[in-house]
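Structural characterization, general
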Amino acid sequence: MNEELKNIWRAFFNWVMGNGPRPENEVIPPEPPPDLPFTQKPHDKYTRFHEATLKERYNQWLEIHGLHIFAILYTGLSVLTCIVIVSLLLATVAELPPFGHERNPANNEVIRRYVEHGGHETGAQNIVAGLILDYRAFDTFGESAVLFTAAVSVLMLLGASRRNKTDTHSLPSSNAMDAYSIHAPPMRHHTFRKDDVILRAVASLSIPVILMMGCVVVINGHLSPGGGFSGGAILSTALILCANAYGFERVHEFFNERTFIVSSSTALMIYALSKGYSFFTGANHIHSVIPKGTIGNILSGGLILPLNICVGLIVAGTLYGFYALFSEGDM
Amino acid sequence: MINMFAYNIPFASIFIMMVAAIVTPLLPKRSRIPEKLSCYAIALVAVLSAYLLYALTYPGQSLSFNFPMGHFPAPWGNELRAGPLEAVLSLVFCVAMLLSLTGNFSSTAEDIAPGRRQIFCVLVNLLTASLLALTYTNDLFTAYVFIEINTIAACAIVAVKEGAETARAALRYLVMSLVGSGLVMIAICLLYDLTGHLLMQNMHGAILVLVTTKSYMIPLTVSLALITAGLAIKSALYPFASWLPDAHGTSTNASSAILSGLVLKGHIFTIIKIFYRVFGLDVIHMLRMDTAIFILGLVAMIMGSVHALRQNNVKRMIAWSSVAQVGYIFLGVGLNTTAGIAAACLHIIVHACVKPMLFTAAGGLSNAAGHKKGLHALMGTFYVNTWAGLGLIAGACSMMGIPGFAGFASKLSLTLASFDSSVVVWALAALATSSVLNALYYVPAVIVIMTHHKDAHKNFTAPKPTKLYKFSMFIFLTLNFYLGLFCVPLLRLITRGVNVL
C-alpha cells in the first residue's frame, strides 16, 4: 500500500515537472537484433504497405495526404464562413433605411444643426471641416493620434531593427549599391537608375505643382472641399515622387527620421494644446479668446485653419514615412 | 454639484497621458528620462483619479456628471462621462500600469534595445490614454477611435522585444485584432444608420423606440452580434483567444502584464457600457445576447484552464489562465443583472491587480533561473527571489479563490449574483470546476518553485531583485490582500456606479 502511494506520488511529481517520466527512469526500447532471419526483413515504410499496422498506415497516409486535406478543409471552411457572413450582411443591408430618404433616422436634430448653423457657429464655409475640426474635434485628435501611433510603431519596427543590422553585419556590396552615395545603407529592395531623364524631367516640372496643390487644399480646408487629411496625402505624393526620381538621399537631406519625429510631434502638440484650451473653456463656460472671423475669408473658422495645417503635416509625414520604411527600411 | 477641480479630471487625465506620449519622442534618446516621465504621468493621473473618486462618493454629491468636449453640447459635440465606476476603474488601471512598469524596470531594460525604449514609452502612454478614454467616453465613435489607438499600440508593445517569435505573435495579434476592429466599425455604422446618434443615451432612446415599434429588428440584432463579436475577439473570449497565449507569452514581462491585466479590460468595459447604456439589459435579453455571452463565458472558464494545464512554459500557462479569467467576467456579464455586472466589474479590478503581479513574479522567477521559462527549470527559485515567489503564491491562491485573497472576493460575488438568475446551477458548476482546474495547474507551479534542488544555487547567478521590484511586489501583495479582505465597501461602490451607469 505504502509502495503504491509512493508510486502515485512519483507519477504526480513527474507530471508536476511537466516532462513525464524523468530521463533516468525512462525505458529505452531494446535495439533490434542485428541479424534478422531471411523471412523477417525490417519492413520498409513505403514498399511493404500491406505489412504495416493500421496505425502506421494511418500515419503514412496522413503524412502524404494530411496537408492537402487540411488545405481543402481550410479553404472550404473559409469560403463557407465568408458566404454566411456576406449573406447575413446583405440581408441586413436590404433591411436598412433607404439611402438619402428624408424620413431616415439619421436626418434628425443633430444633422439639422450641423447644416443650418454649422457655418455661423464654427466660422467655416466647409461644413465637413467645421464638423470634424470643431464640433467633433476630439475624434479628429484621436484619428491624428492613430496615425502618429502607427508611424511611430512602424519606425520602431522597421527603422531601428534594420539600423542595428548595419552596425553588426558588413555592408552588402552588389552592383546595385554602386548607384548610391558612399553612405549607402543596406537592405535596398529596388534599384533606382541615376540616368532616368524622363522621370526626372517630369518630376522637376510636377513636384512644385503638386506641392502647391497640396498647400492650397490644406489651407483652403475650411472654405472648400479638402483639408488636412486630403492635402497631406497630396503633399506626401510630392515627397514620394522626389524620392523615386532623385533617390532617397535627396529627400533625406531635408526630411529624415528626426525631421519627421519633430514635425509630427510638434504638430500634434499644437493640436493638443490649442484644442485642449478650447475644450477646457467650452466645458467650464469660459469665454474663448479665439476669434471666428468672417465666413469665406482665408483667416476665418477659428482654430480650423491651424488644425488643418497640423493634420496635413502629420498625414504627409506619415504616408511618406510608410513608403520610405517599407521600401527602403530607412527614412 | 461637484467642485470645479474634480469636474475637469476626466478630461485632464486623458490630456496628460496624450501630451506625455507626444512629448516623449522629442526627449533625448538612450536615456531613462522617457520611462521616468511615463511613470510620473501615470502616477499623477492615478492621484487625480483617486481624488475624483473621493469627490464623487463624498456624501451629498451627485453621483455622475457629463463633461462636454468643447463649446457644443452633447449630441453635437463629443462628451465624457464620469461616475464612481469609471473613477475606480481608471484608478485601478493607472495603479496596475504603474506597478507593471516599475516592477519590470530591469527586465524591460534587458529585453528592449536602447533605441526602442523611448518608443516603448510613447506606446505605453498612448495605451494608458486610450484605456482612460475608453473608460470615460460617452460617445460610441470616440470609443472606436481609441480602440484603434489601443490596437496598434498593443500590437507594437508585443513586437518591441526583438525576435522571430514575438514578430510572429505580434502579426497574429494584429490580424485578429483588426478583424475585431472591422466588425466593431461595421456595427457602429449600422447602429448610426438605425438610430441617427453616436451619443450613448440618445442611441438608447432610439433603440427603445425601434424595439417597441418592432422595426429594423434584423439590422439591430446583426449590429449587436457584430459589435459583441468584434470586442470579444479583442478581449480574448474563448473561441477567439488563439492569439492570446503567443502574444502574452512571448513578449517582454511589462508588455505581458499590461496586455493581460489592462488592455483586455478596456474592451470588456466597452462591452459592458454598450450592453448597459446603449442597448439596455431588457433589449439584450430580448435579442438573446446574454445567453450567448453566458455560454461562451462558461466554455472559456473550462477551456482556458484545460489549455493552461497542457503548458510547460510558465508565462504561457499564466496567459491561458487569463482566458479562463476573461470567461469569469463574461459569465458575470451574461447573467444580465445589475449584481452580475457589478461582480464582473469587481473581477475586472481583481484580475487587473493579480495578473500583472503573476507576470511580474514569473518574470522574476525565470530571471532567477537564468532566463529559462520552462516550468521544471524554475525548481527552487523561490529561495533565490523570495519576493517573486511570494507574488506567484499569492497570485495562485487568488486565482484559485482561497479566502483572504483577491480572487475569493470576486468569485464569491459572482456566485452570489448567480443565485438571482435562472441559470444558477450552470454557473455554480462552472465556477466549481474552473476553480479545481485552476488549482490543478497553479498548485504544481507553487510546489516546483518551493522544492529544494541541490544544484539550484550553483546555477542561479542572477542578480538580486532590485529595490523597485521588491517595492512593486509589496504593493501588489498589499492590493491583493486589501481586495480579498475589504471587498464589501468596494463592491457597494461598484454597485452604485453600475446603477448610475
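Residues numbered from 1 in each chain as written. Chains lettered and ligands numbered in written order. Predicted model: local features only at pLDDT ≥ 70, side-chain atom pairs only at ≥ 80, totals over all residues.

**Quick word on the overall build of chain B**
Note the cut-off: Going along the chain from the N terminus, every DSSP run of H or I of four or more residues is numbered as a helix, and every run of E of two or more is numbered as a strand. As a reference, a globule follows 2.2 Å times the number of residues to the power 0.38, and the radius of gyration itself is taken over C-alpha atoms. Here the C-beta atoms are placed from the backbone, and a residue counts as buried if at least 20 other C-beta atoms lie within 10 Å of its own, exposed if 12 or fewer do, and partly exposed otherwise. This entry defines residue contacts through backbone-placed C-beta atoms, with two residues in contact when those atoms are within 7 Å.
In terms of helices and strands, chain B carries 22 helices and two strands. Taken over C-alpha atoms, the radius of gyration comes to 22 Å for chain B, in line with the 23 Å a tight globule of 501 residues would show. In terms of its C-alpha atoms, chain B occupies a principal-axis envelope of roughly 75 × 55 × 45 Å. Out of the 501 residues in chain B, the part that is buried amounts to 64%. A sequence separation of at least 24 residues applies to 80% of the contacts in chain B between residues at least 6 apart.

**Let's talk about the overall build of chain A**
In terms of regular secondary structure, chain A is built from eleven helices and zero strands. Shown N-terminal to C-terminal, the secondary structure of chain A runs as helices and strands in the order α-α-α-α-α-α-α-α-α-α-α. Relative to its 331 residues, chain A shows a buried fraction of 28%. A sequence separation of at least 24 residues applies to 68% of the contacts in chain A between residues at least 6 apart.

**Looking at helix H4 (residues 84–103) of chain B**
Selection rule: Multiply 1.5 Å by the residue count of a helix minus one, and that product is the helix's expected span.
The first and last C-alpha atoms of H4(B) sit 28 Å apart over 20 residues, in line with the 28 Å expected at 1.5 Å per residue. Most of H4(B) is tucked away: 20 of the 20 residues are buried.

**Side note on the environment of Thr478(B)**
All names here are of chain B. Position of Thr-478 among the secondary structure elements: in helix H21 (residues 467–485). Residue Thr-478 is classed as exposed on the basis of its C-beta count, with 11 C-beta atoms lying within 10 Å. Spatially, the C-alpha atom of Thr-478 lies 27 Å from that of Ala-308, the residues being 170 residues apart in sequence.

**Quick notes on the packing of helix H15 (residues 314–334) of chain B against helix H19 (residues 424–450) of chain B**
Residues and elements named next belong to chain B. Our working rule: Here an angle of 0 to 180 degrees is reported between the N-to-C directions of two axes, which are lines fitted to C-alpha atoms, with helices fitted over the stretch in contact. Roughly parallel means an angle under 35 degrees; roughly antiparallel, over 145; roughly perpendicular, 65 to 115; everything else is oblique. Each helix crossing is assigned a hand: it is left-handed if the near helix lies turned anticlockwise from the far helix by less than a right angle, otherwise right-handed if that turn is clockwise.
Taken N-terminus to C-terminus, the directions of H15 and H19 make an angle of 165 degrees; their axes are 12 Å apart at the nearest point. With respect to H19, the axis of H15 lies roughly antiparallel. Both H15 and H19 take part in a crossing whose hand is left-handed. On the side of H15, the interface is formed by Val-314, Met-317, Ser-321, Ala-324 and Leu-331, while H19 contributes Ala-427, Ala-430, Ser-434, Asn-438, Tyr-441 and Ala-445.

**Considerations on the interface of chain A and chain B**
One widely used convention gives an interface's size as the accessible area the parts lose upon coming together. So the rule is basically this: Residues are sorted three ways: Asp, Glu, Lys and Arg are charged, Ala, Val, Leu, Ile, Met, Phe, Trp, Tyr, Cys and Pro are nonpolar, and all the rest, Gly among them, are polar.
Counting from both sides, the interface comprises 46 residues of chain A and, opposite them, 55 residues of chain B. Secondary structure elements with two or more residues in the side of chain A that touches chain B: helix H1 (2–17), helix H2 (54–95), helix H3 (109–122), helix H5 (137–168) and helix H10 (257–283) of chain A. Here the element with the most residues in the side of chain A that touches chain B is H5(A); it accounts for 16 residues. Of the residues in the side of chain A that touches chain B, the class split is 26 nonpolar, 15 polar and five charged.

**Examining the packing of helix H7 (residues 140–159) of chain B against helix H8 (residues 164–195) of chain B**
All names here are of chain B. Relative to each other, H7 and H8 sit at 175 degrees, their axes nearing to 8 Å. By the criterion of interaxial angle, the relationship of H7 to H8 is roughly antiparallel. Here H7 contributes Leu-140, Phe-141, Tyr-144, Ile-147, Glu-148, Thr-151, Cys-155, Val-158 and Ala-159 to the contact with H8, which in turn contributes Thr-166, Ala-167, Ala-169, Ala-170, Tyr-173, Leu-174, Ser-177, Leu-178, Ser-181, Val-184, Met-185 and Ile-188. Of the residues belonging to the contact of H7 with H8, the class tally is 16 nonpolar, four polar and one charged.

**Side note on the environment of Ser472(B)**
All names here are of chain B. Mapped onto the elements, Ser-472 comes out in helix H21. Taking C-alpha positions, Ser-472 is 9.2 Å from Thr-360, a pair spaced 112 residues apart along the chain. When residues no more than four places from it in sequence are discounted, the contact partners of Ser-472 are Leu-99, Thr-102, Gly-103 and Thr-360.

**Quick word on the environment of Val211(B)**
Residues and elements named next belong to chain B. Note that Val-211 resides in helix H9 (residues 200–213). Residues Val-211 and Ser-322, spaced 111 residues apart in sequence, show a C-alpha to C-alpha distance of 36 Å. When neighbours within four sequence positions are excluded, Val-211 is seen to be in contact with Val-283 and Met-286.

**Some words on unusual backbone geometry**
As a rule of thumb, non-glycine residues mostly have phi less than zero, and peptide bonds are mostly trans rather than cis. Residues and elements named next belong to chain B. Of note in the backbone geometry, Lys-214 takes a positive phi value of approximately 55 degrees without being a glycine. Along the polypeptide, Lys-214 turns up in the loop between H9 and helix H10 (217–234). Owing to 7 C-beta atoms within 10 Å, Lys-214 belongs among the exposed residues under this scheme. Although it is not a glycine, Ala-236 sits at a positive phi angle of roughly 60 degrees. Structurally, the position occupied by Ala-236 is in the loop between H10 and helix H11 (244–250). In this structure Ala-236 comes out as buried when scored by C-beta crowding, with 31 C-beta atoms within 10 Å.

**Thoughts on the confidence of the model for chain B**
Filter applied, for reference: Note: pLDDT gives the predictor's confidence per residue, expressed from 0 to 100.
Scored by pLDDT, chain B has a mean of 91; 98% of the residues are at 70 or more. Interface confidence in the predicted complex, given as ipTM, is 0.91; pTM for the same model is 0.87.

**Focus on the pairing of strand E2 (residues 78–82) of chain B**
All names here are of chain B. Short version of the rule: DSSP bridges decide pairing: two strands pair if at least two such bridges lie between them.
The element E2 is largely enclosed, with a buried count of five among its five residues. By the alternation rule, side chains of E2 split into Asn-78, Leu-80 and Ala-82 and Glu-79 and Arg-81, which are all buried. As paired elements, strand E1 (residues 65–69) and E2 share five bridges and run antiparallel to each other. Counterpart to Asn-66 in the pairing with E2 is Arg-81.

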